[in-house]
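Each chain, written out:
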Amino acid sequence: MSGVKRVAGWVLAFVGVAVALLLAIRILTQSLDLFDGLFNDPNKASTIDLFTEALYIGIAAMGLNILTGYNGQVSLGHGAFFGVGAYTSAILMFDHGWAYLPTLPVAGVICLFVGVLVGIPALRVKGLYLALVTLGLSVVFPDLTKRFVNGTGGTNLLSLKTEQISPPDWYDWFADPIADPLTDYVGSRDQWAFWLSFVIAVITLLCVWGIARSRFGRALIAVRDHEAAAVTVGIDLARVKVSAFAISAFFAGLAGSLSVLVSRLANAGKVETFQLSILLLVAVVVGGTATVWGPIIGAFVVVFAQDWIGEQETLTDLLDAERAKLLSPALFGIALIIMMYVLPDGIVGGARRGLRALRRPRAAPSDA
Amino acid sequence: MDQFLQHLMNGIEAGVIYASLALALVLIFKTTGILNFAQGEMALVSTYFTWKLAEWGLPVWVAILVSVGVSFVGGALIERVVIRPVEQSSPLVIVIVTIGLFLALNSLAQVIFGTDAHLMPRAYPNESWDLLGVNVEADTLVLIAVLAVECVVLWYLLQRTKVGLALRGVASNPESSRLVGVPVGSMLMFGWGLAAALGALAGSLVVPTTAGLTAGSMQSILVFAFAAAALGGFDSPLGAVVGGLIVGVAQSLTTAYVDWLNDIEIIVPFGLILVVLLIKPAGLFGKVRVERV
Amino acid sequence: MTLLEVAELRAGYGPVQVLHGVDFSVNEGEVVVILGANGSGKTTTLRALSGILPARGTVRFEGRSIGGQRPEKTAQGGIAHVPQGRGTLTDLTVEENLRLGAYCRRDSRVDRDVGYWYEVFPRLGDRRTQPGGSMSGGEQQMLAIARAMMSNPKLLLLDEPSLGLAPIITQELFRVLSKLNASDGLSMLVVEQNAGLALGIATRGYVLESGSIAVSGSAAELAADDDVRKAYLGI
């Protein structure tokens, strides 16, 4: 019984936070006109999408941080969980006529179960070998979708109609739809995707914050730092490790589901799925492993850095346009390497070190 | 029966390809404890270099030898310049650095050598023989021979020479090795150089058997090489070879005989890894570390 | 003749300074012991000497300055360091551990010396093909000493050889160490908490307190010193 009560409590807390956030957003957007420059300008649509992308990448990265950062299990397969989330939402809307919003929790929960399924065999496999087995998920998943998803023209691509990803009616209460007859632009759709991702990201952040300070969080860290010692103080190794897998998969699923709102499709290419898995890991490490704020900061840095590098005019001046485009992954890779030299403990870790150094001035050598 | 033998032969051919790159992965892991995600892309750059030399008119064998030598130096330099600064960091940080290297090398190769597919010349006549009804390609024989030589040389180097002992010592306990006078930095550079040289040889011999040299040439091979290395055990060169053959043969046979796996054959190698690792968590030939506290 | 001379040695970990100017010396053929409580800087002293830790101050070995030298150079110069915790190369076999110890040597008598150490520590001979990590603590300590000796050092640095070992094994170890000094004239710098045993084989000794030398003297003087007896001999 207590388990049911606890779950009910969590769900209530989720909904409560979500409603509170939505109210706050309404006050902000409608009374202050604060975001007019960004959100109501059709020319900035791609910028909103970029923010939304950073948010959902951040959600998945925060989940992965539970597994990799706090629990020390490196996964190169979370692109696959993300994909499962995206396909769950897309299939429910595409084949079964669901509205978007109810598909979001379903995507999360399905990934939660897939996470348990993956987490159980992962109990036997550690470190490097785990990284490779999970790499297998990234590689196998796209082929599975090709086999089992009947998308456009016999491919695994599911593309959604505009009305399927439009905001629900009650969203009008928050923001008036901004329609531009000339460009066929409906601003509210991008805003809806952004605000929804924003709300979920805040909830995710609160969850990670709560987990990091809970008994379960300490168990995660204990298992990471010394398995044998953790067992001797009565920690159920299997339960902790599988739970970490399931929770991280849950958030990856939510993120994947949200991504459908921006890309309007579910698709899984082999290269893309692997790159996404890598990107999530990079966001965690760049932001700061095992920190609450690190992954979301890392996600923003990574998403915007990639976009910024891709748009550098100086590059196109030096090389022809095609080569400049080819070069941008190289610049991102080099930036990544330099980043690891300068801040091996990530942005949050580095900032903490910096603050500590400022607060405590260098102690004078006490030779006397 | 002939059909079966032919599928087996195809599997072996694919298997030696995976094994030759897996060997390089194992070498770096065994000597430095690092899983090098950029191994395939290092081999890619080396292969492009071989191709360029051959295009400039060098005989292919000479081109390959020069490329192997240059790659040895390049690999050692990569260790010194890119990896050394993060040597003391957490394994995750090192993984991210090799991923950065992966992205950088792949995109630089495209910028320098272009995105068109190049035809990679062979160093030997492309013949094939009929052996008891099975078609045997010269490619397969050459790759098997090279792989066998590599294995023997590596085994001798690691198990029978002083340098090999020092390499293994550094992997096992860098500080203790340093305390008995082993120049750890040089050993790490040597290990990376050696792996890069193996990769160059693998790439230069394998790519001619494929459709052409493109920036993606090494990526699918690398995935299977990872699978092979994990299957055999990351610290065992022999394991890498056996793992490669198992992956290649399993893939070829399932493609031929198991229809419902059509398009999803890739499940086979990773399914195999999972099963093997569940039974032997350090791979078929890997040593489980025995340590007393 | 002075073999090792250390003056004003300062070292530490990051912002934390542990050694605040340590002075001592080891003469040829001497066994010098450094006593001290946990955290007094004994291990740090040895690590600074062999170059694992960056250090400031003067370190002269055979009259030549070796301060700030990398550990592999120090080892090549004739100083062998048996680290705390034995530093076993766990994946290498016992025999490979010994052979790696002879890494700097260019002569052809390595095989003979491996055999010699199997005679000194027969238990190593019995386990020559086993991985180093599979042995007991005492066996690993023997292996660590034998590995260090395989380099034919002029000076042996020993960091708490008795740590975590049964008294009977510790006694056997110290008997071997004392014999090495007596018959081969090997100089040693031993860091120990077991002051009784260490002073038993030592020529001279120093007491390290909070990163600087508090007391020094011959082994007999130290063993007779009231403060030393109270603090380190438990009498």
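As the structure is a prediction and not an experimental result, all values here were calculated from the model.

**Description of the interface of chain B and chain A**
Buried accessible area, meaning the area lost when the parts come together, often serves as the stated size of an interface.
Phase 1 of the analysis: Between chain B and chain A, the residue contacts involve 34 residues of the former and 34 residues of the latter.
Phase 2 of the analysis: Every element with two or more residues in the side of chain B that touches chain A is listed here: helix H4 (91-113), helix H9 (219-232) and helix H11 (267-279) of chain B.
Phase 3 of the analysis: Counting residues per element, the side of chain B that touches chain A draws most heavily on H4 of chain B, which supplies 15 residues.
Phase 4 of the analysis: Taken together, the residues that form the side of chain B that touches chain A break down as 28 nonpolar, 5 polar and 1 charged.

**Here we look at the sheet that holds strand S8 (residues 187-192) of chain C**
Residues and elements named next belong to chain C.
Phase 1 of the analysis: Spatial ordering of the open sheet is given by S6-S7-S8-S3-S9-S10, a layout of 6 strands whose pairing is mixed. Pairing within the sheet leaves two strands with one partner each, and these edge strands are strand S6 (79-82) and strand S10 (212-218). In this sheet, neighbouring strand axes are inclined to one another by 15° on average, regardless of whether the strands run parallel or antiparallel.
Phase 2 of the analysis: Sheet topology places strand S9 (residues 204-209) next to S10; 6 bridges connect them, and they run antiparallel. Directly across from Tyr206, in S10, lies its bridge partner Ser216.
Phase 3 of the analysis: Along the sheet face, helix H6 (residues 137-149) touches S6 and strand S7 (155-159) and points at about 170° away from the line of S6.

**Examining the confidence of the model for chain B**
Phase 1 of the analysis: Confidence along chain B averages 89 in pLDDT terms, with 98% of residues attaining 70 or more.
Phase 2 of the analysis: The least confident element of chain B is strand S1 (residues 128-131) of chain B, whose mean pLDDT is 84; the most confident is helix H3 (residues 60-83) of chain B, at 96.

**Considerations on the nonpolar core**
In summary, soluble globular proteins display a tendency toward joint burial of nonpolar side chains.
Phase 1 of the analysis: By size, the foremost hydrophobic cluster in this structure holds 282 residues, and its most contacted members are Ile57 and Ala60 of chain A together with Tyr18, Ala22, Ala225 and Ala228 of chain B.
Phase 2 of the analysis: Beyond its immediate stretch of four places on either side in the chain, Ala60 of chain A contacts His78, Phe82, Phe251, Ala252, Ala255 and Leu280 of chain A.

**Regarding the packing of helix H3 (residues 94-101) of chain C against helix H4 (residues 110-120) of chain C**
All names here are of chain C.
Phase 1 of the analysis: The geometry of H3 relative to H4 is characterised by a closest axis approach of 10 Å and an angle of 125° between their N-to-C directions. Considering their axes alone, H3 and H4 lie oblique with respect to each other. Seen from above, H3 lies across H4 with right-handed handedness. The segment H3 lies against H4, with Glu95, Leu98 and Arg99 engaging Val110, Val114 and Trp117.
Phase 2 of the analysis: Split into classes, the residues belonging to the contact of H3 with H4 amount to 4 nonpolar, no polar and 2 charged.

**Structural notes on unusual backbone geometry**
Residue and element names in this part refer to chain C.
Phase 1 of the analysis: The phi dihedral of Glu8 falls on the positive side, at around 55°, and the residue is not glycine.
Phase 2 of the analysis: Of note, Glu8 is situated in strand S1 (residues 2-13).
Phase 3 of the analysis: A positive phi is found at Asn152, a non-glycine position, where the angle reads about 55°.

**Re the sheet that holds strand S5 (residues 64-65) of chain C**
All names here are of chain C.
Phase 1 of the analysis: What the 4 strands build is an open sheet, ordered S2-S1-S4-S5; its pairing is antiparallel. Among the strands making up the open sheet, the edge pair consists of strand S2 (16-27) and S5.
Phase 2 of the analysis: Contacting S1, S2 and strand S4 (55-61), helix H1 (residues 42-50) runs over the sheet at an angle of about 75° to S2.

**Here's the deal with H4 of chain C**
Residue and element names in this part refer to chain C.
Phase 1 of the analysis: All of the buried residues in H4 are Asp113, Val114 and Trp117. In a view along the axis of H4, the buried residues occupy a sector of 105°, so they form one face of it. Away from its buried face, by an angle of more than 90 degrees, H4 presents the exposed residues Asp111, Arg112, Gly115 and Glu119.
Phase 2 of the analysis: At its buried positions, H4 is contacted by H3, helix H5 (122-126) and H6.

Rules of the game
Residues numbered from 1 in each chain as written. Chains lettered and ligands numbered in written order. Predicted model: local features only at pLDDT ≥ 70, side-chain atom pairs only at ≥ 80, totals over all residues. Contact = placed C-beta atoms within 7 Å. Helix = DSSP H or I, 4+ residues; strand = E, 2+ residues; numbered from the N terminus. Nonpolar A, V, L, I, M, F, W, Y, C, P; charged D, E, K, R; others polar. Pairing = 2+ DSSP bridges. Axes fitted to C-alpha atoms, helices over the stretch in contact; angles between N-to-C directions. pLDDT = per-residue confidence, 0-100. Core = buried A, V, L, I, M, F, W, Y, C linked by C-beta atoms within 7 Å. Buried ≥ 20, exposed ≤ 12 C-beta atoms within 10 Å, placed from the backbone. Parallel < 35°, antiparallel > 145°, perpendicular 65-115°, else oblique. Left-handed = near helix turned anticlockwise from the far one by under 90°. Arc of directions from axis to C-beta.

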